[in-house]
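# Survey of secondary and tertiary structure
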Amino acid sequence: GEAVEIQAAPAGTICAARGLKGVATGDTLLLRPKEGLGALRLPGVAVPPPVFFCAVEAEAASQQPALDAALAALRLEDPSVAVKNDASTGQLMVGGMGELHLEVLLQRLASEWQLRVHAGEMRVAYRE
C-alpha cells in the first residue's frame, strides 16, 4: 500500500503516525484532549515476561552509551524486550520471547545503530 495523509481518523480507523518521540507501544494518543480527558489512559496489552536472556556487551567501551540508547529505543517500540543488569555477574542482560526474537534484536543493533556487540549464550529463564 501507499501512504496517504489524512486529516482525521474516526473511531475504528487504523492509521499510523511517524516521528513521535517518547511514545511507546500501547500508549494512548489524543490529538486534542477534551476537558477532563487529558489523563485518559486505555488499558494496554498484557505482555508476558521474557523467556530467553543473553548477555550483551559493546565491542568497545566508547560504544556503551550508544548501546544503552539503542536498547532504550528498542524497549519503547517493543514492550516484550527486557534489559537488566545481572547483580551476580555484572553483565547487561537482554531478554525476549525466544531465540529468534533475540537474534533479530541483535541484528537490528548492528544494522540500524551500527553497533558491534558481543552476545553471550542464550539461556531460558526457568520458573519454579
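Details of the structure are given in the entry above.
Everything numeric here is computed off the predicted structure, so don't read it as measured data.

### Quick word on the pattern of salt bridges
What the rule picks out here adds up to two salt bridges. For the salt bridge of Arg108 with Glu112, the shortest nitrogen-to-oxygen distance reads 2.8 Å. A residue pair is termed a helical-turn pair when its members lie 3 or 4 positions apart in one helix, as Arg108 and Glu112 do in helix α2 (residues 99-113) at four residues. Using a relative accessible area of 19% as the deciding quantity, one classes Arg108 as buried. Connected via shared salt-bridge partners are Glu77, Arg108 and Glu112.

### What to know about helix α1 (residues 64-77)
Three or four residues apart is the spacing at which side chains of an α-helix point the same way, because the helix has 3.6 residues per turn. When the terminal C-alpha atoms of α1 are compared, their 20 Å separation across 14 residues agrees well with the 20 Å that a helix rising 1.5 Å per residue should span. Buried residues in α1 make contact with β1 (52-58), β2 (82-85), β3 (92-96), α2 and β4 (117-119).

### Concerning the packing of aromatic side chains
With the rule as written, the count across this model stands at zero aromatic pairs. It is Lys84 that lies over the ring of Phe53; its NZ or CZ is 4.4 Å from the centre.

### Section: the side chain of His101
Within the element layout of this structure, His101 appears in helix α2. With relative accessibility at 19%, the residue His101 sits in the buried group. Not counting residues up to four positions away in its chain, the partners in contact with His101 are Asp78, Ser80, Val81 and Gly96.

### Describing the pairing of β1
Counting buried residues in β1 gives six out of seven residues, a clear majority hidden from the surface. Bridge analysis of β1 against β3 gives five bridges, and the strand direction is antiparallel. Looking at the pairing, Val56 lines up with Leu92 of β3. Inspection of the sheet shows β1 paired to strand β5 (residues 123-124) by two bridges, in the antiparallel sense.

### Structural notes on the pairing of β2
Here β2 pairs with β3 via four bridges, running antiparallel. Bridged to Val83 within β3 is Val94. Where β2 folds back onto β3 in an antiparallel hairpin, the turn is made up of six residues, including Gly90, whose phi is positive at roughly 80°.

### Some details on the nonpolar core
Val56, Leu67, Leu71, Val94, Leu102, Leu105 and Leu109 are the most contacted members of the largest nonpolar core, which totals 16 residues. At the level of secondary structure, the elements contributing two or more residues to this core comprise β1, α1, β3 and α2. In contact with Leu71, other than residues within four places in its own chain, are Val56, Val83, Leu92, Val94 and Leu109.

Rules used throughout
Residues numbered from 1 in each chain as written. Predicted model: local features only at pLDDT ≥ 70, side-chain atom pairs only at ≥ 80, totals over all residues. Heavy atoms only, no water. Salt bridge = Lys/Arg side-chain N within 4 Å of Asp/Glu carboxyl O. Helix = DSSP H or I, 4+ residues; strand = E, 2+ residues; numbered from the N terminus. Buried < 20%, exposed > 50% of the residue type's maximum accessible area, 1.4 Å probe, protein only. Expected span 1.5 Å × (residues − 1). Contact = heavy atoms within 4.5 Å. Phe/Tyr/Trp six-rings, centres within 6.5 Å; stacked < 30°, edge-to-face > 60°. Lys NZ or Arg CZ within 6 Å of the ring centre and 35° of its normal. Pairing = 2+ DSSP bridges. Core = buried A, V, L, I, M, F, W, Y, C linked by side-chain atoms within 4.5 Å.

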